[in-house]
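Architecture at a glance
Here is what each chain is made of, one letter per residue.
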Amino acid sequence: MSLHLGDTVPDFTQDSSEGPINFYEFAGDSWVVLISHPADFTPVCTTELGEVAKLKSEFDKRGVKVIALSVDTSENHKGWIPDIDETQKTQVNYPILADSDRKVSHLYDLIHPNASATVTARTVFVIDPNKKLRLTLTYPASTGRDFKEILRVIDSLQLTDKYSVSTPVNWRQGDEVVISPSIKDPEELARRFPKGYREEKPYLRLTPQPDL
Ligand code: BEZ
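Predicted, not measured: the structure shown is a model, and the values here were computed from it.

To continue, consider the environment of Ser-164. As for its placement among the helices and strands, Ser-164 is situated in the loop between helix H6 (147–162) and strand E8 (165–166). Residue classification places Ser-164 among the partly exposed positions, given a relative accessible area of 25%. Distance from Ser-164 to Thr-143, taken between C-alpha atoms, is 35 Å for residues 21 residues apart in sequence. Polar contacts involving the side chain of Ser-164 include one to the side chain of Arg-192, which spans 2.8 Å.

Here is the structure:
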């Protein structure tokens, strides 16, 4: 099944490095980042999972739970985690789903057969507290992901959910944001954006980030 932005993500129960997990129970009312990786005891995956462990406090700050997945068994995961901890100088502090029967991989379309018929691609899902899919991206096995980019997107999603703004190219925390073109009434503009705005074009108006 292929998931599209805005879809409600499917629930599942699966084994993990921390025992069986029901996904909806795990998610609760939080945001969730679900990351798949191809295989245990592989170099790029080792660096990725270590980096995610180091960024855990950044995910926590944003109210985001992290869960990883590969098609290996929980015994394999438990054997591999000490290697991640040792080589990446961290402690894996989130569960890794053990999808050896590929139940979740099929539900979430994580196996891309023309890349590899057997292992999962490097996919990231950002899921909001309503279990809606808000971001998906897929990288090839040979390319490790940039998890600071995932944090940047979460910051954008959480900001744009709260205010009638969007974030422009290469936006970072503290940069100007774009006012929704649908807001035209001057009184509403003044009320919503008390810091003012500058108009480059009628459809391109920039205002200081509202929550700072
Ligand atoms: C890796 O993590 O290094 C890797 C895993 C599967 C295929 C290629 C690379």
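What follows concerns the pairing of strand E7 (residues 133–139). For a regular strand, side-chain orientation follows a simple rule: the groups alternate between the two sheet faces. Strand direction decides the pairing type here: strand E6 (residues 122–127) and E7, joined by six bridges, are antiparallel. Following the sheet pairing, Thr-123 is matched in E7 by Thr-138.

Once that is clear, we can look at the sheet that holds strand E3 (residues 31–36). Reading across the sheet, the five strands line up as E5-E4-E3-E6-E7 and stay open at both edges, with mixed pairing between neighbours. Each edge of the open sheet carries a strand with a single partner, namely strand E5 (96–98) and E7. Mean inter-strand twist for the sheet, computed between neighbouring axes without regard to direction, equals 20 degrees. Bridge count for E3 against strand E4 (residues 64–70) is six bridges, and the pairing is parallel. Bridge pairing in E4 places Leu-34 opposite Ile-67. Strand contacts of helix H2 (residues 43–54): E3, E4, E5 and E6, with the helix running at about 20 degrees to E6, the strand carrying the most contacts. Seen against the sheet, H6 touches E3, E4, E6 and E7 and runs at an angle of roughly 150 degrees to E3.

Turning to the site of the ligand, a few remarks are in order. Near the ligand you find Pro-38, Thr-42, Pro-43, Val-44, Cys-45, Arg-122 and Ala-141, and these make up its full shell. In this structure, Thr-42 approaches the ligand through a side-chain N or O atom, which is 3.0 Å from an oxygen atom. Compared with its free state, where it exposes 260 Å², the ligand has 71% of that area covered by protein. The greatest single-element share of the shell around the ligand, amounting to three residues, is contributed by H2.

The strands that make up a sheet are held in pairs by hydrogen bonds between backbone atoms, and each pair lies either parallel or antiparallel. Here four strands make up an open sheet; going across it, the order is E8-E9-E11-E10 and the pairing antiparallel. Only two strands of the sheet have a single partner each, and these edge strands are E8 and strand E10 (198–201). Pairing of E8 with strand E9 (residues 177–179), which is carried by two bridges, proceeds in the antiparallel orientation. Pairing of Ser-166 across the sheet is with Val-178, part of E9.

Now for the pairing of E4. Where burial is concerned, most of E4 is hidden: six out of the seven residues are buried. Where E4 lies against E5, three bridges are found, and the strand directions are parallel. Of the residues in E5, the one forming a bridge with Leu-69 is Leu-97.

In many reports, interface size means the accessible area that the parts give up when they come together. Domains assigned within the chain are domain 1 (13–145) and domain 2 (163–207). Computed from C-alpha atoms alone, the centre-to-centre distance between domain 1 and domain 2 is 36 Å.

Rules of the game
- Residues numbered from 1 in each chain as written.
- Predicted model: local features only at pLDDT ≥ 70, side-chain atom pairs only at ≥ 80, totals over all residues.
- Heavy atoms only, no water.
- Helix = DSSP H or I, 4+ residues; strand = E, 2+ residues; numbered from the N terminus.
- Buried < 20%, exposed > 50% of the residue type's maximum accessible area, 1.4 Å probe, protein only.
- Polar contact = N/O pair within 3.5 Å; in protein donor to acceptor, adjacent residues only side chain to side chain.
- Pairing = 2+ DSSP bridges.
- Axes fitted to C-alpha atoms, helices over the stretch in contact; angles between N-to-C directions.
- Contact = heavy atoms within 4.5 Å.
- Near = heavy atom within 4 Å.
- Areas by Shrake-Rupley, 256 points an atom, 1.4 Å probe, with all protein chains shown as cover.
- Domains from an automatic or database assignment.

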